[in-house]
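The lines below spell out each chain.
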Amino acid sequence: MNKAKKRLGLAIFIIAFLVAWGVYLSRVSIPVLQPKGPVADKEFRLLLLIFGLLCAVAIPVFILLAYTLWRYREDNPRRGSYVPEWAHSRWLEGTWWAIPAILIAIVSIITWNATYALNPYKPLDPKRPALTIQVVSMDWKWLFIYPKQHIASVNLVEFPLHEQIHFYLTSDAPMNSFWVPQLAGQIYTMAGMQTQLYMAADITGNFVGRSANISGVGFASMQFTAKSVSSREFNSWVDKVRMYSPKLSILAYRQLERPSSYVPPHYYSYPAKNLFGLIIDKYMLPSAHGVVI
Amino acid sequence: MISTFASFLLGKLSLNQLPNNPITAGGAIILVLIPLAAVIFISVTRRWKWLYREWLTTQDPKKIGKMYIIVAVLMGLRGLSDVILIRLQQALSVGHAHGIISASMFQQVVSAHGTIMIFFVAMGLMFGVINMIVPLQIGARDVAFPFLNATSFWLFVAGMVLINVSLVIGDFAATGWLAYPPLSELKYSPTVGVDYWIWSLEIAGVGSLLAGVNFIVTILKKRVKGMKMMLMPLFSWSVLGSMFLVVFAFPILTVTLTLLAFDRTFGMHFFTAGHGGNMMMYVNLIWAWGHPEVYILVLPAFGVYSEVVATYARKKLFGYTSMVWAIWAIVILSFIVWLHHFFTMGAGSDVNAFFGIMTMIIAVPTGVKLFNWLFTLYRGKINMKTPVLWFIAFVVVFTIGGMAGVIMAVPPLDFQLHNSLFLIAHFHMMIVSGVLFGYFAAITYWFPKFFGFKLNERLGRYAFWSWLIGFLLAFVPLYILGFMGATRRLDHYSASLGWQPLFIAAGVGVVFIICGVVLQFMQLGVSIWQRNSNRAGRDPWDGRTLEWSLPTPPPSFNFARLPIVTKRDSFWYDKQAQFTDSRPYEPITIPKNSPLSMVIACGAFFLGFAFVWHIWWLAVVGLLVVIVTIIWRSMDEHTEYELDADEVMRIDRALTPKEAGL
C-alpha cells in the first residue's frame, strides 16, 4: 500500500512537471520549430520526417530492451528459460544488419535529395529577381550593405515580405556563422572568402538572428534583427536611410571596424564603392599596407 | 641591460601574469594548495621512498593504470567545477545582469572544460582501464614496451600539469576547445592562452600516440599461446580498433598543432586570415583527428559493455563475429565523416550529401552492436548489478543521442542545428553515456580484481540514479534551447528570448550530477571502510575472461603460469570442467623500475612551458633533456631482471593459500 502510494505520488509529480514545462514552452518562441519562411519551413518538415523514421526503429528497440530486462531478470519468478550457450543465429544477425541498413538507405535517399533542394546557394525561385544584401561579420556586430539601394545598416537587416533575398557573406573578423533560425539555416562567414545564402519571409515581423560561431570577447553580443516588412514600407525605409543617414566612407568604415559590443542598430547611406569587395580583398593580398581599407 | 637579461631569462613571463580576479585567484590557490598538501602529507608520513619505488618509477601497467585513473578523476573534478561556473553564468547572465564572470573568462572556462574533459578525463579513464585490463585479458605478463608505456603516462601528466599551470600563470585559450583560427591566431588571441592549449595537447597527444603503438603491438604480439585473434575477449578487440585509430589520427593532431604554433610563435601563415593562410585547412585537419577521437573514446567503452553484459547475463556474448566486424566498420567509417562538423562552411551539395550519408552509415554497425547486446541479455539470467544499470542508461541515452546525431547528419537540418545547444546536448549524450558511463561500469566491474573487495552496491545505485536524473535534466533542456535558437558558448543573452527557465533547469540537473559524484566518493569511502564484510575472491561475478582466473590482486607478473586457451571464454569453461593447473613454474623476466620516463616528461613539460612564454634557453634545455634521456635509456642493456621459478612458485602459493594444497 505504502509503496503503491509512493509510486502514485511520483507519477503525479512527473506528470505535473511535464505539463508545467509543456505550458511554458507553448508560450515562448521556438524558432526552429516555428518557421516563418519557406527555407526554414522545408527544413522543419524534413526534421519531422527524419525524426518519425528514426522513432519507427528506436521505439521497438526500447520496448524490446524493457521486455528483455523484465523477462530475463534473475529475480523474476516467471523468468524465461536460461540458455547460456545461445550466442549465434545467422538469421537474427542478418536481420539486424538489414534493419538499420534499410532505414539508413531510406534516410540517405531523402538526404541526398534534400541536400540539393536546400542548397543555400540555390535561388528559391530562379525566375524572380532577388534582393541582394552583402553581409559582413565584424568585431562584434553585423554590417549589412544594400549595393543597389546604396544604403547600409548595422545589426538590423530589413527586407520586403515574400521577396527572395540573396545574401553574400564575408567576415572582417574571426569566423562567424550567420543564422536566422525562423527564416533559414546558417552559413559561415570567413575573412577573404565569400559564402552565399538565400532566404525569404512569409510574414512581416522581427526575427532574431545571431552568430553561431565563437568569435571573441563580444561574441554574445552578435545578435541582430531580421525585419520583414511590406515592400512599400521597405522602399520608404530605404529612402529615409539614404536621405538622413551618414555616409559609409572608407573613413567611417574604419571607425566602425574598431571592436565594439552590444552595438544598437544604426544606418548609413552611400557605402563606399565596392566596399564588400574591398573587405574581401583585404585578406587576399599579400600585404595589408597596399590596400585601401 | 637588466631588462634585456630579464627578458632573456623569463621571456614574456612577469608578475602581471598572476591571477587578477577573485575566481581565478581562488582556483589558482586551490591548485597550488592541493599538491602542497600532498607533499607535506608524504613528507610527514615519510612515504617518499615508498612513493618513488612503488609508483613514480613503476613499469607495471596495473599501477600505471591506477595512476591514469587517479589523474583522470582529479581532472574530472576540475572539469566539473568548470561546469558549475558555466551553468551559474548561463542561468544568471540575462538581460541587464551579466552574471558572475566576465565574457573572456567564461570563454576560457568553456574551452578548458572541453579540453580537460576530453584529453585528461576521458582519455585518462580509457588508458587507465586499458592498462589494467588488456594484458590480463590476453594472458600477457606485461605490455610490449613497458618503458614506453610509463613514458606515455608521464607525458599525459606533463600535459595535464601544463594546462593547470595556465590557471595560475597567464591565461587559457578563450577560443572554444578546438581553437579555430583565425580567432586562435596571434592577431585575435594575443595572450598566451592558446599557446598553453597547443602545448599541453601536443605533449599529452604524443603520449597517447606512443600508448597507441604500444597497445597495438601488445595485442598483436603478446597474446598467450592459443588465443587466436577470433578468440580474444571483445574488450581487447575494441581496444585494438581504438588504438589503430589513435595511431592514424593523433599524428594529424600533432602536425596541426605544430603548424598553429608556427603561426603564433614564428609569424608564419598556415591558417591566418590573409597572407595566404587558410583557416578552412585547419578546420578540416582538426576534425580529421577530432572525429576519430570520438570513436577512440567510445570503442573501448563498447568493449566494456560487451564484457559487462555477457558476465552479468551469465551468457556467451551474442554474435561475436558480427561484433568484431562492427568494430572494424566503425574504425574505417570514422575516418571518412569528418566534414559533417562543418556542413555550414559552404561546400557544394555533393560533398555535403556524401559526408552526411557516410555519417549515417555508422549507425548501422552501431545498431548491430546494440542488437547483439540485447540478445546477449535475451535468454540470460540477468544479475541486475550497477554495471548493468550503467549499460541500460547507456542504451537509452545513446540511442536518443544517436537519433539526434542522424538528424544532424542531414546537411539541411544541420544548417538549423549546427553550433546550437542541440549539438551540445547531442554530443554530451554520446560521450557521457558512451564513454563516462562505460568507464563507471568498468570501474565497478573490475574494482574487486585489483583491490580485493567490491564497491558498495546500494550507494552505487543511489549514485547511478542521481547521475541519470541529473544528466537528463541537464541535457534535455539543451535540445529545446537549440530549437529556440540558443547557440553554444554564450556568456549572456537577452531576457526576451525566454531561455532562462531552461538554463536554470539544466543547472538543477548539474546539482543532481554533483550529488551523484559525491555519492560515488561516499561509495568508495564506505566500501573501503567496510572492506572486510565485502571481500571478493578471485572471481566475484562468475566471470568469463582470463583476468578472473588470477589471484586478487594480481602479482606484478600477472600469470605465474601462462594460461591455456583453446576457445572463447576459456576460463568460463575451465571453471565448469574444474580444471586445475599442475604444470611446473618457469622463470619470469620483469622490467626494472626506471625514473627516466619521468625525466623525459619533465623535459617535455619545460619545453612546452618555454614555448608558451618564449623562454628560449629553457626550450633548448627541455629538448636536450628529452633527447639525451632517450639516448641514455637506449644504451642501457640491463633494463630487466629475472625471477627464478622457485620465487614465482613462492609468490603464487602465498597469493593463493587455499588452493595451494590442491
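Within any chain, residue numbers begin from 1 and follow the written order of that chain's sequence. Chain A is the first chain written and ligand 1 is the first ligand written, with later ones labelled in order. Confidence filtering applies because this is a predicted model: local features only for residues at pLDDT of at least 70, side-chain atom pairs given and counted only at 80 or more, and all residues used for totals across whole chains, interfaces and linings. In computing side-chain properties, one takes all heavy atoms of the structure into account and sets aside hydrogens as well as water.

### Details of the overall build of chain A
Think of it this way: any DSSP run of H or I at least four residues long counts as a helix, any run of E at least two long counts as a strand, and we number them from the N terminus. Helix and strand counts for chain A come out as six helices and eleven strands. Since a compact globule built from 293 residues should have a radius of gyration of about 19 Å, the 27 Å found for chain A marks it as more spread out than a globular shape. Each residue's exposure class comes from its accessible area (1.4 Å probe, protein chains only) as a fraction of the maximum for that residue type: buried when under 20%, exposed when over 50%, partly exposed otherwise. The proportion of buried residues among the 293 residues of chain A is 50%. Contact definition: two residues touch when any of their heavy atoms are within 4.5 Å. Within chain A, contacts between residues separated by at least 24 positions form 68% of all contacts whose residues are at least 6 apart in sequence. Using a 1.4 Å probe, the Shrake-Rupley method yields the accessible areas, and only the shown protein chains count as cover for residues. Within the structure as shown, chain A displays about 14,300 Å² of accessible surface, and the carbon and sulfur contribution to it stands at 64%. The atom set for the radius of gyration is the C-alpha atoms, and the globule formula is 2.2 Å times the number of residues raised to the power 0.38.

### Some words on the confidence of the model for chain B
The predictor's confidence in any single residue is recorded as pLDDT, a number from 0 to 100. On average, chain B scores 94 in pLDDT, and the residues at 70 or more come to 99%. Reported confidence for the predicted complex is 0.95 by ipTM and 0.95 by pTM.

### Quick look at the domain arrangement of chain A
Residue and element names in this part refer to chain A. Reported domain spans reflect what an automatic or database domain assignment gives. Domain annotation of chain A identifies domain 1 (2–80 + 87–117) and domain 2 (131–290). Relative placement of domain 1 and domain 2: their C-alpha centres are 40 Å apart. Facing the eleven residues of domain 1 at the interface are 13 residues of domain 2. Buried area is a sum: the accessible area each of two parts loses on coming together, probed at 1.4 Å, counted once for each and added. Both sides together, the interface formed by domain 1 and domain 2 hides about 810 Å², and carbon and sulfur atoms give 61% of it. Here, a salt bridge means any side-chain nitrogen of Lys or Arg that lies within 4 Å of a carboxyl oxygen of Asp or Glu. Here domain 1 and domain 2 share zero salt bridges between them. For this analysis, a polar contact is any N or O atom pair within 3.5 Å, provided that within protein one partner can donate a hydrogen and the other can accept it, and provided that sequence-adjacent residues contribute only side-chain to side-chain pairs. At the junction of domain 1 and domain 2, the tally comes to six residue pairs in polar contact (both at pLDDT 80 or more).

### Overview of the interface of chain B and chain A
Accessible area lost during the coming together of the parts is what is often quoted as the interface size. Every contact between the two is made by 98 residues of chain B and, on the other side, 90 residues of chain A. Buried area between chain B and chain A, both sides added, is near 8,400 Å², and the carbon and sulfur share of it is 72%. If you sort the residues of chain B by the area they bury against chain A, Arg379(B), Gln416(B) and Phe483(B) come out on top, with a joint share of 9%. Here chain B and chain A share two salt bridges between them. Of the charged contacts, one joins Glu74(A) and Arg314(B) as a salt bridge, the two residues approaching to 3.0 Å between their closest N and O atoms. Summed over the shared surface of chain B and chain A, the number is 28 residue pairs in polar contact (both at pLDDT 80 or more).

### Quick notes on the packing of helix α6 (residues 146–168) of chain B against helix α7 (residues 193–221) of chain B
Residues and elements named next belong to chain B. To define axes, lines are fitted to C-alpha atoms, for helices over the stretch in contact only, and angles between the resulting N-to-C directions are given on a 0 to 180 degree scale. The interhelical angle for the contact between α6 and α7, taken along N-to-C directions, is 165 degrees, at an axis separation of 8 Å. As the angle between them shows, α6 and α7 are arranged roughly antiparallel. Between α6 and α7 the crossing geometry is left-handed. The residues of α7 that touch α6, namely those facing Leu-148, Asn-149, Ser-152, Leu-155, Phe-156, Ala-158, Gly-159, Leu-162, Ile-163, Val-165 and Ser-166, are Tyr-196, Trp-199, Ser-200, Ile-203, Ala-204, Val-206, Gly-207, Leu-210, Ala-211, Asn-214 and Phe-215. Ten residue types, Ala, Val, Leu, Ile, Met, Phe, Trp, Tyr, Cys and Pro, are classed as nonpolar, four, Asp, Glu, Lys and Arg, as charged, and the remainder, Gly among them, as polar. Across the contact of α6 with α7, the residue classes break down as 15 nonpolar, seven polar and no charged. The scheme is simple: roughly parallel for angles under 35 degrees, roughly antiparallel for over 145, roughly perpendicular for 65 to 115, oblique for anything else. For any pair of crossing helices, the crossing counts as left-handed if the nearer helix is rotated counterclockwise from the farther one by less than a right angle, and right-handed if it is rotated clockwise.

### Considering the nonpolar core
Only buried Ala, Val, Leu, Ile, Met, Phe, Trp, Tyr and Cys residues count toward a nonpolar core, and they belong to the same one when joined by side-chain atoms within 4.5 Å. Of all hydrophobic cores here, the largest spans 288 residues; its most connected members are Phe167(A), Phe178(A), Trp197(B), Trp373(B), Trp446(B) and Phe609(B). Looking at this core element by element, the count peaks at 20 residues for helix α9 (residues 279–313) of chain B.

### So, a nonpolar patch on the surface
Residue and element names in this part refer to chain B. Only residues above 30% relative accessible area that lack a salt bridge enter a patch, with like-charged residues linked at up to 9 Å and the nonpolar side chains Val, Leu, Ile, Met, Phe, Trp and Tyr linked at up to 5 Å. Together, Phe-5, Phe-8, Leu-9, Leu-10, Trp-617 and Val-621 make up a nonpolar patch on the protein surface, roughly 550 Å² of accessible area in all. Elements that contribute at least two residues to the nonpolar patch include exactly α1 (2–10) and α20 (616–635). Broken down by element, the residue count for the nonpolar patch peaks at four residues, all from α1. Within the secondary structure, Phe-5 is located in helix α1.

### Examining the domain arrangement of chain B
All names here are of chain B. Taken domain by domain, chain B holds domain 1 (6–383 + 537–660) and domain 2 (384–536). The C-alpha centroid of domain 2 is placed 20 Å from the C-alpha centroid of domain 1. In this assembly, domain 1 packs against domain 2 so that about 5,600 Å² is buried in total across both faces, 74% of it on carbon and sulfur atoms. The largest contributions to the domain 1 side of the interface with domain 2 come from Arg-87, Tyr-305 and Trp-541, which together make up 12% of the buried area. Where domain 1 meets domain 2, there are zero salt bridges. Along the contact surface separating domain 1 from domain 2 lie 22 residue pairs in polar contact (both at pLDDT 80 or more). Secondary structure elements with two or more residues in the side of domain 1 that touches domain 2: α4 (61–92), α5 (103–137), α9, α11 (349–361) and α12 (363–377). With 14 residues, the single largest contributor to the side of domain 1 that touches domain 2 is α5.

### Description of the pattern of salt bridges
In total, this model carries 17 salt bridges over all chains according to the counting rule given. Residues Arg264(B) and Asp195(B) are paired through a salt bridge, measuring 3.0 Å at the closest nitrogen-oxygen approach. Of this pair, Arg264(B) sits in helix α8 (residues 234–266) while Asp195(B) sits in helix α7, and the two are 69 residues apart along the sequence. Just as Arg264(B) is buried, Asp195(B) falls in that class too. Salt bridges here are not isolated pairs; linked through shared partners, they connect Asp172(A), Glu257(A) and Lys282(A).

### Here's the deal with the environment of Ser236(B)
All names here are of chain B. Mapped onto the fold, Ser-236 is located in helix α8. Look at Ser-236 and you get buried, because its relative accessible area is 0%. In this structure the C-alpha to C-alpha distance between Ser-236 and Phe-172, which are 64 residues apart in sequence, comes to 37 Å. Among all residues touching Ser-236, those that are not within four sequence positions of it are Val-134, Gln-137, Ile-138 and Ile-219.

### Thoughts on the pairing of strand β9 (residues 205–211) of chain A
Where strand β6 (residues 176–180) of chain A lies against β9(A), two bridges are found, and the strand directions are antiparallel. Pairing of Phe178(A) across the sheet is with Ser211(A), part of β9(A). Two strands are counted as paired when DSSP detects at least two bridges linking them.

### Re the packing of aromatic side chains
Residue and element names in this part refer to chain B. Classification of ring pairs uses Phe, Tyr and Trp, with its six-membered ring standing for Trp, and accepts pairs whose centres are within 6.5 Å; under 30 degrees between planes counts as stacked, over 60 as edge-to-face, and the remaining range as tilted. All told, the structure shown has 79 aromatic pairs over all chains when counted by the stated rule. With centroids separated by 5.4 Å and ring planes inclined at 15 degrees, the aromatic side chains of Phe-119 and Trp-289 adopt a geometry described as stacked. Remark: Trp-289 occurs in helix α9 and Phe-119 occurs in helix α5; sequence separation between them is 170 residues. By the burial criterion, Phe-119 is buried, and Trp-289 matches it. Taking 5.7 Å as the distance between ring centres and 70 degrees as the angle between the ring planes, the aromatic pair formed by Phe-244 and Trp-328 counts as edge-to-face. Here Phe-244, found in helix α8, pairs with Trp-328, found in helix α10 (residues 320–333); they are 84 residues apart in sequence, far enough to count as distant. By relative accessible area, which is 26% here, Phe-244 ends up partly exposed. A connected cluster of aromatic rings, assembled from ring pairs, spans Tyr-68, Phe-119, Phe-120, Phe-127, Phe-153, Trp-154, Phe-156, Trp-177, Phe-250, Trp-287 and Trp-289. The criterion is that NZ of a Lys, or CZ of an Arg, lies within 6 Å of the ring centre and within 35 degrees of the ring normal, and then a charge sits over that ring. If you follow Arg-544 out to its NZ or CZ, it ends over the ring of Trp-572, 4.1 Å from the centre. A cation over a ring is seen here: Arg-561 above Tyr-585, with NZ or CZ 4.3 Å from the ring centre.

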